[in-house]
Amino acid sequence: MKIDLSLPGSPPRTSEISIGDDVLETIAGGLEDALRGRAAYWIWDEAVWNLWGRRAAELGWPEPAGGRVILFAASEPNKRMASVEFLARRLVNAGATRDSALVAVGGGVTGDIVGFAASIYMRGIPHFQVPTTLLAQVDSSVGGKTGVDLPEGKNLLGTFHQPTRVWVDPRWLVTLPEAELRQGMAEVIKSAIIGDEVLWKFVENNGQNLRRRDPEALLRIISASCLLKTRVVEADEKEAGYRRVLNLGHTVGHALEKLTGYRLKHGDAVAVGMLAAAGLSRRMGMMPAGDAERLERLCEQWAMPVRVPADIRPEAVIDAIRADKKRIGDRLHFILPVRIGEVVERTDIDYDELRDVLAHLREK
Ligand SMILES: NC(=O)c1ccc[n+]([C@@H]2O[C@H](COP(=O)([O-])OP(=O)(O)OC[C@H]3O[C@@H](n4cnc5c(N)ncnc54)[C@H](O)[C@@H]3O)[C@@H](O)[C@H]2O)c1
Ligand SMILES: [Zn+2]
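Residues numbered from 1 in each chain as written. Chains lettered and ligands numbered in written order. Predicted model: local features only at pLDDT ≥ 70, side-chain atom pairs only at ≥ 80, totals over all residues. Heavy atoms only, no water.

Draft legend 1. View of the pairing of strand β4 (residues 69–72). Of the pairings in the sheet, the one linking strand β3 (residues 39–45) to β4 comprises 4 bridges and is parallel in character. Residue W42 lies in a different strand from β4, and its bridge partner there is V69. Read as a crossover between parallel neighbours, the route from β3 over helix α2 (residues 46–58) to β4 is right-handed. (Pairing = 2+ DSSP bridges. Helix = DSSP H or I, 4+ residues; strand = E, 2+ residues; numbered from the N terminus. Right-handed = clockwise from strand over helix to strand, strands pointing away.)

Right, dumping it as structure tokens:
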């Protein structure tokens, strides 16, 4: 499957996304064509290299000994400027010039750092993405956002830099721990609620197949989610408006991540956030009770949390939301599900209403 994403702006204007369970074998050739003589430097999440390095050699990809591969320990605490500088210095020392390109192999942390480094290395060079987590395949590798964290908060520094090409192969997910698969599933469920009821039903009916990493089932959800995100991003590259629908579940989700000191992982926090959004929607007489129940059941099926942790006070969540960069002025704005497959943006949410919903969702 090939998705063409044409976006306004400076080059590279298009990201081509190849999704398939035979994509790994096509990367080397595809890269060579796309590079047009540029030298590629491969930046791998070291943990992924340890699991997949041998396969990479079979595929004829370069190896660390050749000087074109940089391994780095990708983890959220490492998603910071120091890592960008580390990579940039390694690149300079390896001889990378403004005619080089970067290839990111790893999850969202790797993709975000490599994209960021590519966007500023010698004033910007092209990059390619080979996402290896479900989250990166359905979310972070699509859309062109890059970034690193500051001690003050996540993703506070970043750029828009479209990867020239993204290669998505579900076979990477065979080695992905279940808890990481779940983080990506939360974003898939989010996509389904935003605008794909067929995807929703597929996820409901294929829990087992997805958990045992059946490549066909994975392909189905990855392509549907990528397509949805692409459609949204295409309509609004710079988050001027429509892109905000992708924030479903994220307003409360981000607050919960922060308040739990990131003990609650992103996808898990978004699951609770989606339930809070469903709760608000129910109160406003929009989402049918049956749909809200289906959402809770699906989250439970995936062992996602469905309650606000007992040690988090609703008031603290509200304060954290007030401090969030995604807030518009003084208004609380929320993406709310109208039903499964449709969302609406509301800017008239009352703090008291949100407090009640959160109290209701709190663990007893
Ligand atoms: N740019 C965007 O638009 C965007 C969107 C969503 C999220 N993000 C960012 O993405 C990051 C999260 O991404 P993530 O969940 O992929 O995190 P990650 O890159 O930390 O990967 C999660 C874990 O899985 C391991 N891993 C990766 N691939 C594996 C594989 N195939 N087999 C076994 N283990 C594997 C990694 O080593 C890591 O321990 C966050 O920093 C978030 O801010 C960015
Ligand atoms: Zn998210």
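What follows continues from the structure just given.
Draft legend 2. Layout of the site of ligand 1. Looking at ligand 1, there are 24 residues lining it, with D45, E76, G108, T133 and T175 nearest. Between ligand 1 and K79 there is a distance of 2.8 Å, counted from an oxygen atom to a side-chain nitrogen or oxygen. Contact distances for ligand 1 include 3.1 Å between an oxygen atom and a backbone N or O atom of V109. Within the complex, 85% of the 860 Å² of free accessible area of ligand 1 lies under protein. Elements with a minimum of two residues in the shell around ligand 1: α2, α4 (108–120), α5 (134–140) and β8 (153–157). (Near = heavy atom within 4 Å. Polar contact = N/O pair within 3.5 Å; in protein donor to acceptor, adjacent residues only side chain to side chain. Areas by Shrake-Rupley, 256 points an atom, 1.4 Å probe, with all protein chains shown as cover.)

Draft legend 3. Representation of the coordination of the zinc ion (ligand 2) within the structure. The zinc ion (ligand 2) binds to the protein through E187 (OE), H250 (NE2) and H266 (NE2); the donor distances cover 1.9 to 2.1 Å. Mapping the donors of the zinc ion (ligand 2) onto the primary sequence gives the spacing E-x62-H-x15-H. Within this pair, whereas H250 is found in helix α10 (residues 250–259), its partner H266 is found in helix α11 (residues 266–283), the two being separated by 16 residues in sequence. (Donors = N, O, S within 2.8 Å, 3.2 Å for Na, K, Ca; no water.)

Draft legend 4. Representation of helix α3 (residues 81–94). The first and last C-alpha atoms of α3 sit 20 Å apart over 14 residues, in line with the 20 Å expected at 1.5 Å per residue. The inward-facing, buried residues of α3 abut β3, β4, β5 (100–106), α4 and β7 (148–150). (Expected span 1.5 Å × (residues − 1). Contact = heavy atoms within 4.5 Å.)

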